[in-house]
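Coordinates in review
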2 protein chains.
Amino acid sequence: MTYASIVTIGDEILIGQVVDTNSSHLALALEQAGVRVREMLSVPDDGEMIEKTLSEALLRHDVVITTGGLGPTKDDITKAALARLSGSKAYVEHPGQLAVVHRILKGRGLDVLPINLAQAQVPETAEVIVNELGTAPIMVFRKVRGGGTLYALPGVPHEAVGAIPAIMADIKAHQHLQDICHRNVMVYGIAESSLSELLAPWEDALPKDIHLAYLPNTLTGIRLRLSIYSGSTSEQEARLEQQLSRLKEILGPLQYADEDTDLQTAVGKLLKQAGKTLSAAESCTGGEIAHLITSVAGSSAYFLGSVTSYAVSVKEQVLGVSPAVIEEYGVVSSAVAAAMAEGVRKLTGSDYAVATTGLAGPGGDEHNPVGTVWIGVAGPSGTQTVTYCFKHDRKRNIQRFAAAALNFLRLQIEKDLSC
Amino acid sequence: MTYASIVTIGDEILIGQVVDTNSSHLALALEQAGVRVREMLSVPDDGEMIEKTLSEALLRHDVVITTGGLGPTKDDITKAALARLSGSKAYVEHPGQLAVVHRILKGRGLDVLPINLAQAQVPETAEVIVNELGTAPIMVFRKVRGGGTLYALPGVPHEAVGAIPAIMADIKAHQHLQDICHRNVMVYGIAESSLSELLAPWEDALPKDIHLAYLPNTLTGIRLRLSIYSGSTSEQEARLEQQLSRLKEILGPLQYADEDTDLQTAVGKLLKQAGKTLSAAESCTGGEIAHLITSVAGSSAYFLGSVTSYAVSVKEQVLGVSPAVIEEYGVVSSAVAAAMAEGVRKLTGSDYAVATTGLAGPGGDEHNPVGTVWIGVAGPSGTQTVTYCFKHDRKRNIQRFAAAALNFLRLQIEKDLSC
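Cut-off values and rules
Residues numbered from 1 in each chain as written. Chains lettered and ligands numbered in written order. Predicted model: local features only at pLDDT ≥ 70, side-chain atom pairs only at ≥ 80, totals over all residues. Helix = DSSP H or I, 4+ residues; strand = E, 2+ residues; numbered from the N terminus. Buried ≥ 20, exposed ≤ 12 C-beta atoms within 10 Å, placed from the backbone. Contact = placed C-beta atoms within 7 Å. Least-squares fit on C-alpha atoms with pLDDT ≥ 70 in both. Pairing = 2+ DSSP bridges. Axes fitted to C-alpha atoms, helices over the stretch in contact; angles between N-to-C directions. Nonpolar A, V, L, I, M, F, W, Y, C, P; charged D, E, K, R; others polar. Core = buried A, V, L, I, M, F, W, Y, C linked by C-beta atoms within 7 Å. Domains from an automatic or database assignment. Parallel < 35°, antiparallel > 145°, perpendicular 65-115°, else oblique. Left-handed = near helix turned anticlockwise from the far one by under 90°. Expected span 1.5 Å × (residues − 1).

1. A closer look at the overall build of chain A
Counting its regular elements, chain A contains 15 helices and 17 strands. For the C-alpha atoms alone, the extent of chain A along its principal axes is close to 80 × 55 × 40 Å. Across the 419 residues that make up chain A, the buried fraction comes to 47%. Expressed as a percentage of contacts within chain A between residues at least 6 apart in sequence, the contacts between residues at least 24 apart total 68%.

2. Topic: the relation of the copies chain A and chain B
Take chain A, turn it by 180°, move it 0.1 Å along the axis, and it overlays chain B with an RMSD of 0.1 Å. Here the transformation between the copies is reduced to the relation of a two-fold axis. When the interface residues of chain A are mapped onto chain B, 98% of them again fall at the interface, so both copies present the same face.

3. Points about the sheet that holds strand E11 (residues 221-228) of chain B
All names here are of chain B. Here we have 4 strands laid out as an open sheet, ordered E10-E11-E9-E12, and antiparallel in their pairing. Each edge of the open sheet is held by one strand with a lone partner, namely strand E10 (210-217) and strand E12 (255-257). The average undirected angle you get between the axes of adjacent strands in this sheet is 35°. Bridge analysis of strand E9 (residues 181-187) against E11 gives 7 bridges, and the strand direction is antiparallel. Paired with Arg183 across the two strands is Leu226, which belongs to E11. Along the sheet, helix H9 (residues 234-251) contacts E9, E10, E11 and E12; its crossing angle with E9, the most-contacted strand, is approximately 10°.

4. Some details on unusual backbone geometry
All names here are of chain A. Between Gly361 and Pro362 the backbone carries a cis peptide bond, its omega angle lying at -5°. Along the chain, Pro362 falls in the loop between strand E15 (352-358) and strand E16 (372-379). If you check the backbone angles, Lys143 has positive phi at about 40° while not being a glycine. Topologically, Lys143 is positioned in the loop between strand E7 (138-141) and strand E8 (149-153).

5. Some thoughts on the interface of chain A and chain B
Chain A puts 50 residues into the contact, and the matching count from chain B is 50 residues. Looking at the side of chain A that touches chain B, the elements that each hand over two or more residues are helix H1 (11-14), helix H2 (22-32), strand E2 (35-43), helix H11 (288-294), strand E14 (303-309), helix H12 (312-317), helix H14 (334-348) and helix H15 (394-418) of chain A. The class makeup of the residues in the side of chain A that touches chain B is 24 nonpolar, 20 polar and 6 charged.

6. So, the pairing of strand E17 (residues 382-389) of chain A
Residue and element names in this part refer to chain A. As paired strands, E16 and E17 are joined by 8 bridges and run antiparallel to one another. When the sheet's bridge partners are listed, Val377 is paired in E17 with Gln384. Counting the residues that bridge the hairpin from E16 to E17 gives 2 residues.

7. Focus: the nonpolar core
If you look at the biggest cluster of nonpolar residues, it comprises 132 residues, and the most contacted ones within it are Ala341 of chain A together with Ala341 of chain B. Ignoring anything within four residues of it in the chain, the contact list for Ala341 of chain B reads Ala281, Ala353, Val354, Ala355, Gly376, Val377, Ala378 and Thr383 of chain B. Judged by nonpolar contacts, the second largest core, of 88 residues, contains Ile9 and Met40 of chain A together with Ile13 and Leu26 of chain B.

8. Observations concerning the domain arrangement of chain A
Residue and element names in this part refer to chain A. Each domain of chain A was delimited in the assignment, giving domain 1 (2-174), domain 2 (181-257) and domain 3 (264-418). At the junction of the two partners, domain 2 supplies 7 residues and domain 3 supplies 9 residues. The residue inventory of the side of domain 2 that touches domain 3, partitioned by class, reads 5 nonpolar, 2 polar and no charged.

9. Brief notes about the pairing of E7 of chain A
Residues and elements named next belong to chain A. With burial as the criterion, each face of E7 is covered, one bearing Ile138 and Val140 and the other bearing Met139 and Phe141. The pairing of strand E6 (residues 127-129) with E7 spans 3 bridges and is classified as antiparallel. Considered in E7, the bridge of Glu127 is made with Val140. Two strands pair when backbone bridges link them, and E7 and E8 are joined in this way by 3 bridges, in the antiparallel orientation. Bridge assignment links Phe141 to a residue of E8, and that residue is Leu150.

10. As for the packing of helix H3 (residues 47-60) of chain A against helix H4 (residues 75-86) of chain A
All names here are of chain A. For the pair H3 and H4, interaxial distance at closest approach is 9 Å and the crossing angle is 45°. When the interaxial angle is binned, H3 and H4 end up oblique. Of the two elements, H3 crosses H4, and the hand of that crossing is right-handed. Contacts from Gly47, Ile50, Glu51, Leu54 and Ser55 of H3 reach H4 at Ile77, Thr78, Ala80, Ala81, Arg84 and Leu85. Split into classes, the residues belonging to the contact of H3 with H4 amount to 6 nonpolar, 3 polar and 2 charged.

11. A look at H14 of chain A
All names here are of chain A. Between the first and last C-alpha of H14 there are 21 Å, a value that for 15 residues agrees with the 21 Å anticipated at 1.5 Å per step. Here H14 lies mainly inside the structure; 12 of its 15 residues are buried. What H14 keeps buried is the set Val336, Ala337, Ala338, Ala339, Met340, Ala341, Glu342, Gly343, Val344, Arg345, Leu347 and Thr348. Two residues or fewer after H14 comes Gly349, characterised by a positive phi angle close to 75°.

12. So, the packing of helix H2 (residues 22-32) of chain B against helix H7 (residues 157-174) of chain B
Residue and element names in this part refer to chain B. Put simply, H2 and H7 touch, their axes get as near as 10 Å, and they point 20° apart. On the basis of their axis angle, the class for H2 and H7 is roughly parallel. Like other packed secondary-structure pairs, H2 and H7 cross with a definite hand, here right-handed. Taking contact as the criterion, the partners of Asn22, His25, Leu26 and Ala29 in H2 are, on H7, Pro157, Ala160, Val161, Ile164 and Met168. Taken together, the residues of the contact of H2 with H7 sort by class into 7 nonpolar, 2 polar and no charged.

13. Structural notes on the sheet that holds strand E6 (residues 127-129) of chain B
The sheet built from 12 strands is open, its strands ordered E6(A)-E7(A)-E8(A)-E3(A)-E1(A)-E2(A)-E2(B)-E1(B)-E3(B)-E8(B)-E7(B)-E6(B) with mixed pairing. Taken across any chain shown, the strands that pair with only one partner, and hence form the sheet edges, are E6 of chain A together with E6 of chain B. For this sheet the average axis-to-axis angle between neighbouring strands, irrespective of direction, equals 20°. In the packing of helix H3 (residues 47-60) of chain B onto the sheet, contacts are made with strand E1 (2-9), strand E2 (35-43), strand E3 (63-67) and strand E8 (149-153) of chain B, and the angle to E1 of chain B comes to roughly 170°.

14. Notes on the environment of Leu292 of chain B
All names here are of chain B. Along the chain, Leu292 falls in helix H11 (residues 288-294). Judged by C-beta crowding, with 27 C-beta atoms within 10 Å, Leu292 ranks as buried. Expressed as a C-alpha distance, the spacing of Leu292 and Leu219, which sit 73 residues apart in the sequence, is 9.6 Å. In contact with Leu292, other than residues within four places in its own chain, are Gln264, Ala402 and Leu406.

15. Digging into the environment of Ile210 of chain A
All names here are of chain A. Its location among the elements puts Ile210 in strand E10 (residues 210-217). Looking at Ile210, the number of C-beta atoms within 10 Å reads 18, which means it is partly exposed. Considering only alpha carbons, one finds Ile210 and Tyr229, 19 residues apart in sequence, at a separation of 7.1 Å. In this view, Ile210 contacts Leu226, Ile228 and Gln243; residues no more than four positions away in its chain are not counted.

16. Structural notes on the environment of Ser42 of chain A
Looking at the secondary structure, you find Ser42 of chain A in strand E2. A C-alpha to C-alpha distance of 25 Å links Ser42 of chain A and Lys172 of chain A, two positions 130 residues apart in sequence. Here Ser42 of chain A is in contact with Thr8, Ile13, Leu14 and Asp20 of chain A together with Glu39 and Met40 of chain B, once residues within four sequence places are set aside.

Here it is, written out as structure tokens:
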């Protein structure tokens, strides 16, 4: 087994100014590759603490990855600590990273100052992987003081995440990793405990070398990950395929994808496949459904638009919901969800439309407690509605409503496609 | 100075399944109270590692706070480690927490199983702060092995964050903390480096005991925090007020609030104050502006609704943007942003309307590179537009566009209010 430690460097983490998301991305990539992360640490911009923490981590781990501490104003502290650790007596300039520094600053219309040039200088013992996304290089120090290998990454999240493929390739080339085969299945519409019960007979019969993990998320449901740790041959892949087929039969419509994705991407894929368009009418979700759909690049191919109808007047005058229906059933009702979906479908001329009306909170009463939502989907084969009650706070209710609406829409499109 | 260590417990963190946001919330609360966080650590669900890590942390820190490791299926590992650490020979049941366990499971329609009852049992040396939000109690172990005090919190984010006020009160009661006076000012529309230049003369003249911190955020701009570490008397508060007045003069319209808040809340406050209503028309922001506005509880008092006009047909037929204007100026233009704002204002009958049209990416050309946005605001005193170019990826561009639009709207409402 190969062991890793992830260390973030920077005062901004320790005073709570910044949430560290880099460590989680790194941990996921390491775990997928079969490297076990045994600790994560955060240390301040303090040379002695950086040196002490890293030297201890390198004694006990094969791989130590740091993020942060390499910005233009502070990288002298971190680099000096890395130089001491790795026994470097001098700094050398890296021409590849220097070219990136010039290119980036020129692109921003800024002069290249000495402080910027210094970013392309690294301790002489460092191997450099050029960071094309920022001015700080990615540095590799092999077998530091006879211990593990240290990878120093920039802290800016898109630069740190951007460095992951390169450092994972380096780790795979230099460590003796197990060859692992992974496959993902996305599930929505069932609690983790119920899913676990549903899958128990199949899971109990799984071959010993096939491992199942449950990875739940509010917006995307539960990701099931199947892994074979005994090699990645075509034979092993075929064995995983076989289990995925069994799983698909058991899960039925609960499964929405056989790869790592989200509901808005899955819905987009179905719409493209069917050659159909979509619109949305949102009350309680207040724009979150449109936001999720349009967060997918290329969504303009199928998403025409949406109406957020927060006021009753907008429901009536823009979406054409009848005042009599609102009067009779109330705003949070199946009839209004259906009328909103039909209204925005007509307004935009889309093939499908999804609508939400509910109470994200605060407020609510006995009839419609906080967390109540009605979802309507109008499409070529008619209009369907469904209701849920989630008991969370406003922000989490909005997320749950939006995910449930995308899933209900997904089910209707799948039904139409299978006819 | 009082020193703290924050430790998260749980395999889910170390395999990258979950991003640890609890530590950041804790760090912010500790730092605000004048406690210095010197390290953050994550350890797996492994009794020996938990015990070793905590015992080392307690030797070197006055306060150690853990989150996680207390769920119904795993808390035996963590609690056994805490019992060993604190010299507990037995577990005792806490009646207050037991009542919460019964209440919560009954609310979910679930039976109370032995595994649930065990959650209300704590090592005999623990003081309990009842967790009303979940089944796991908050435990306090004072001066463990003669060292620091340990606070063990549940890992579920809203439970951990919910526990912060109680444990901060306990820390303040038991540690000799400096009395600190903080005030916040929110700024939007200027880069951190330019703001720093603008404020330099004032900042250089600040009394030595008044400290300034810059806390930047993509969606909310830069929070400036002024702190006096020499006590929290009415005299000190008056001295901070005086600096805030000076700051307000220097910042002018760059300042949007004199408390810790966000743009959507500030806009809502202005609209309530003016007794005016709002609508939105979104192209490139795809619903994010409506989502931000409606994430504020009570926004239905001023927000009527919005149209996401992703397709040109929706811009023309729903918002009434003239095809000739689109033909002449292009979709990403000042004229279309203005027409969209005026269109949705007329459609919903709102007092104000904000609109966006731009390119979040990918794609773009020389004329309109990725990151280009035109923002329009229509209101009682006419229509204004502004353009920006942010050079980020799709998701970050959408956030920057939405924040810039809310800020431009804020400026127009403020101008009208001051007339």
